[in-house]
Amino acid sequence: RGLRAARTRPRPCSSLSPRRERNRRRDRTTAPGAAWSTVRTHTMAGKQKISYFYDPDVGNFYYGQGHPMKPHRVRMTHNLLLHYGIYKEMELFRPALASAEDMTQFHSDEYVEFLRLITPDNQHEHMRQLKRFNCAEDCPVFDGLFNFCQIYTGGSVGGAVRLNHKQTDTVVNWAGGLHHAKKNEASGFCYINDIVLAILELLKAHQRVLYIDIDIHHGDGVEEAFYTTDRVMTVSFHKFGEYFPGTGHLQDVGQHKGKYYSVNVPLKDGIDDESYNLLFKPIMAKVMEMYAPDAVVFQSGADSLTGDRLGCFNLSIRGHAECLKYMTTFQVPLLVLGGGGYTIRNVARCWTYETGCLLGHELEDKMPTNDYSEYFGPTHTLQIQPSNMENQNTPEYLEGVRNRILENLSKIPPKPSVPFHDVPPDAFTEDQMEVKEDPDEVGGGAEANAARRANPDSIYPDEGDVDDKPSRRDHAATAFPDGDKHKAGAKEEPRETFGEEAVSVPGSGGGADVVTAKEEAEGTFELGEAAVARAPDDEMPAAAAAEDAIDAITAPLGAAMELDGTAGEEAGVVSLLPPRSPAGPSIMANDHGDER
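What counts and how
Residues numbered from 1 in each chain as written. Predicted model: local features only at pLDDT ≥ 70, side-chain atom pairs only at ≥ 80, totals over all residues. Heavy atoms only, no water. Helix = DSSP H or I, 4+ residues; strand = E, 2+ residues; numbered from the N terminus. Contact = heavy atoms within 4.5 Å. Buried < 20%, exposed > 50% of the residue type's maximum accessible area, 1.4 Å probe, protein only. Right-handed = clockwise from strand over helix to strand, strands pointing away. Pairing = 2+ DSSP bridges. Salt bridge = Lys/Arg side-chain N within 4 Å of Asp/Glu carboxyl O. Disulfide = S-S within 2.5 Å. Polar contact = N/O pair within 3.5 Å; in protein donor to acceptor, adjacent residues only side chain to side chain. Expected span 1.5 Å × (residues − 1). Phe/Tyr/Trp six-rings, centres within 6.5 Å; stacked < 30°, edge-to-face > 60°. Lys NZ or Arg CZ within 6 Å of the ring centre and 35° of its normal. pLDDT = per-residue confidence, 0-100. Axes fitted to C-alpha atoms, helices over the stretch in contact; angles between N-to-C directions. Parallel < 35°, antiparallel > 145°, perpendicular 65-115°, else oblique. Nonpolar A, V, L, I, M, F, W, Y, C, P; charged D, E, K, R; others polar. Left-handed = near helix turned anticlockwise from the far one by under 90°.

(A) Seen up close, the overall build of the protein. Check the secondary structure of the protein and you find 16 helices and 13 strands. Partitioning the intrachain contacts of the protein with sequence separation of at least 6 by distance along the chain shows that 80% fall at a separation of at least 24.

(B) View of the pairing of strand 5 (residues 232-239). In terms of residue burial, strand 5 counts as a mostly covered element, since eight of its eight residues are buried. Read as a crossover between parallel neighbours, the route from strand 4 (residues 209-213) over helix 10 (residues 220-225) to strand 5 is right-handed. Of the strand pairs in this sheet, strand 5 and strand 6 (residues 262-267) are connected by six bridges, and their pairing is parallel. Bridge assignment links K239 to a residue of strand 6, and that residue is L267.

(C) Representation of the pattern of salt bridges within the structure. Taken as a whole and judged by the stated rule, the model has 11 salt bridges. A salt bridge links D220 to K182, with the shortest nitrogen-to-oxygen separation between them at 2.8 Å. Of the two residues, D220 is situated in helix 10 and K182 in the loop between strand 3 (170-173) and helix 9 (194-202); the sequence distance between them amounts to 38 residues. For the pair shown, D220 and K182 are each scored as buried. Ionic pairing is found between R208 and D294, a salt bridge with its closest N-O pair at 3.6 Å. Taken together, the residues span a long stretch of sequence, with R208 in the loop between helix 9 and strand 4 and D294 in the loop between helix 11 (273-291) and strand 7 (295-299) at a distance of 86 residues. Of the two residues, R208 and D294, neither departs from the other in class, the shared state being buried. Beyond isolated ion pairs, a larger network of salt bridges with shared partners links D55, D57 and R94.

(D) Main features of the state of the cysteines. Tallied over the full model, the rule gives zero disulfides. Counting only cysteine sulfurs, C139 is the nearest neighbor of C135, a cysteine outside any disulfide, at a range of 6.3 Å. According to the relative accessible area criterion, C135 is buried, its value standing at 7%.

(E) Structural detail: the environment of S275. Tracing the backbone shows S275 in helix 11. Sequence spacing of S275 and N391 is 116 residues, and the spatial spacing of their C-alpha atoms is 8.9 Å. Ignoring sequence-local partners within four residues, the contact set of S275 consists of N391 and L398.

(F) Inspection of the environment of D169 at higher detail. Structurally, the position occupied by D169 is in the loop between helix 8 (145-164) and strand 3. Taking C-alpha positions, D169 is 8.4 Å from Q331, a pair spaced 162 residues apart along the chain. Separated by 2.8 Å, the side chain of D169 and the backbone nitrogen of K49 make a polar contact.

(G) Spotlight on unusual backbone geometry. With omega at 0 degrees, the peptide bond leading from F244 into P245 counts as cis. Tracing the chain through its elements places P245 in the loop between strand 5 and strand 6. The omega torsion across G377 and P378 is 0 degrees, close enough to zero to call that bond cis. Non-glycine residue F189 carries a positive phi angle of around 75 degrees. Looking at the secondary structure, you find F189 in the loop between strand 3 and helix 9.

(H) Region of the structure containing helix 11. Helix length check: helix 11, at 19 residues, gives a terminal C-alpha distance of 26 Å against a target of 27 Å (1.5 Å per residue), a fit within 8%. Along helix 11, the positions that sit buried rather than exposed are S275, Y276, N277, L279, F280, I283, M284, V287, M288, M290 and Y291. Structurally, helix 11 contributes buried residues whose contacts are with strand 4, strand 5, strand 6, strand 7, helix 12 (317-328) and helix 14 (395-409). A292 sits one or two positions beyond helix 11 and adopts a positive phi of about 45 degrees.

(I) Summary view of the packing of aromatic side chains. Counted according to the given criterion, the structure contains 19 aromatic pairs. Look at F61 and F148: their rings are 5.3 Å apart centre to centre, the planes differ by 50 degrees, and that puts the pair in the tilted class. Separated by 87 residues along the polypeptide, F61 in the loop between strand 1 (50-53) and helix 4 (72-84) and F148 in helix 8 bring together distant segments of the chain. On the basis of an interplanar angle of 65 degrees and a centroid distance of 5.1 Å, the ring pair of F148 and Y152 is categorised as edge-to-face. Of this pair, F148 and Y152 both sit in helix 8, four residues apart, which is roughly one turn of that helix. Note on Y152: relative accessible area 0%, which makes it buried. Lying across the ring of Y397, K268 places its NZ or CZ 4.4 Å from the centre.

(J) A look at the confidence of the model for the protein. Put simply, the protein has an average pLDDT of 77, and 65% of its residues get 70 or more. Low pLDDT, under 50, characterises residues 18-45; the predicted model gives this stretch 34 contacts beyond four residues in sequence or across chains. Considering only residues more than four positions removed or in separate chains, one finds that residues 467-540, a stretch of pLDDT under 50, has 197 contacts.

(K) Highlighting helix 8. Between its first and last C-alpha, helix 8 extends 29 Å over 20 residues, near the 28 Å set by a 1.5 Å rise per residue. Across the 20 residues that make up helix 8, a large majority, 20, are buried. K166 lies just past helix 8 and shows a positive phi near 55 degrees.

(L) Main features of the packing of helix 11 against helix 14. For the pair helix 11 and helix 14, interaxial distance at closest approach is 10 Å and the crossing angle is 5 degrees. Taken together, helix 11 and helix 14 sit at an angle that is classed as roughly parallel. In this structure, helix 11 uses S275, L278, L279, P282, I283, K286, V287 and M290 to contact helix 14, whose residues at the interface are L398, V401, R402, I405, L406 and L409. Per-class residue counts for the contact of helix 11 with helix 14 are 11 nonpolar, one polar and two charged.

(M) Here's a closer look at the packing of helix 4 against helix 13 (residues 344-358). One way to put it is that helix 4 packs onto helix 13 with a least axis distance of 8 Å and a crossing angle of 45 degrees. On the basis of their axis angle, the class for helix 4 and helix 13 is oblique. Relative to helix 13, helix 4 is oriented so that their crossing is right-handed. Residues H72, R73, V74, M76, T77, L80, L81 and Y84 of helix 4 pack against I344, R345, V347, A348, R349, W351, T352 and T355 of helix 13. Here the contact of helix 4 with helix 13 is built from residues that sort into nine nonpolar, four polar and three charged.

The structure is reproduced here in structure tokens:
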């Protein structure tokens, strides 16, 4: 009787239960698209929970003298986050190292084994393997190469695991986002495609995953991996035309079940904030409406900023960050990764500002004094000014691109789904990810400054961002205590050897399977109106490899990718993947130095 009387007694609005009051506030402030998934609404109420992955060793890796790719930029970003103080509002994790087995969820066994064993000391003995796996000028062999791949891949996959378990709303891994790596080769400074591996992990618990790429270079490795499935939609905004990697045409829309699930937005030199967002926002609004993803992976390559060493766009940091801020309004689980960016002072500025945006802060433009203040002079401000370069993207061109893409998106069925399935085990367990509560104890403090001043040559840039090989003393300024077993930059002692003619890979029976290393014959020819690349006869196309991985995670996706050509044809099979240009420009072909 008492319970019945209590139910009938009037209750003032102010005495709502905490749960009902929380729901009332959520309903009042829900952003467009937030109701698309009922399983995540409880995590999206109130302040967003953000997990941040960082390994202090990542800044020690060095691609080589004069190489534009400098992992040191991730350490600079982290140091700015410490001095702005916003790291305190995030959960900090040191990523577990991804194993070779984790990497072979997408990459071939022989390629991963090659990366594990190759070193600068033994590379001259394996010239044919270096050529086969495309480890040359763009993708050199350097000290600790495999450990570097383990670190950045571990952060991306570990972040996906946390999103799968709804332990966080957003994950940040600025060391990740290496989107060019292919199933069986390195490409464009990228060795292991951490994005593909993270998406495969997300697919264990999410029906649909959206990948967004605002790097100036086309996200070819990720698109190629998921070109024939509707479980993943890829959207890439990039420079197109005589520019690495030479893919990403407006008409490349996917094949078979993946038709219209690959979206390419080709852009010209000099695009500015206004033009970029006139495309980005309507296209992404339509994508979210039609595809309704359960999770989003956002590659925030900073080489689309004005003044980038390899870039030719004219975006400000605020214009770049506006894309990320817009995607947060949909309140979908979000994995934010780094990517390109070769004027490293601006990369650190951009990723610091965007971390602040994810936390809901407008960071002060005047930079706090930090361990790398010399890089940010003479202005010492967070924002940068766009140049006066010409915007070659005319309003007519942008309107044509936008209308074509919106038309293609209207052709996809709303919310493609998959059958129920048993969820495979996580790639990493909770115990493997080490939580660090107070990085300020060893990062950015007096001890770090003392170590740096003892060797000033290691921190003062000579010209712009020349930023030669980072000093190992920089390790003292990292966010986490020393003592990790995996020291970056240390030469790995090969556990196995392989000859010029064969690569040893772990076999199922405890022995080794010998994979013959032969020269790959590449060629292009016309199939209908599109040029397609001829794949070697001993290699499965990357899309089929990713589809196999998805099949292992979920119910079958349907018929396998169809291949034109005869099975017994000597030249191999013909892939229906987007065209790749073996003779296309190198990613460093547009290197105009640091002076910009």
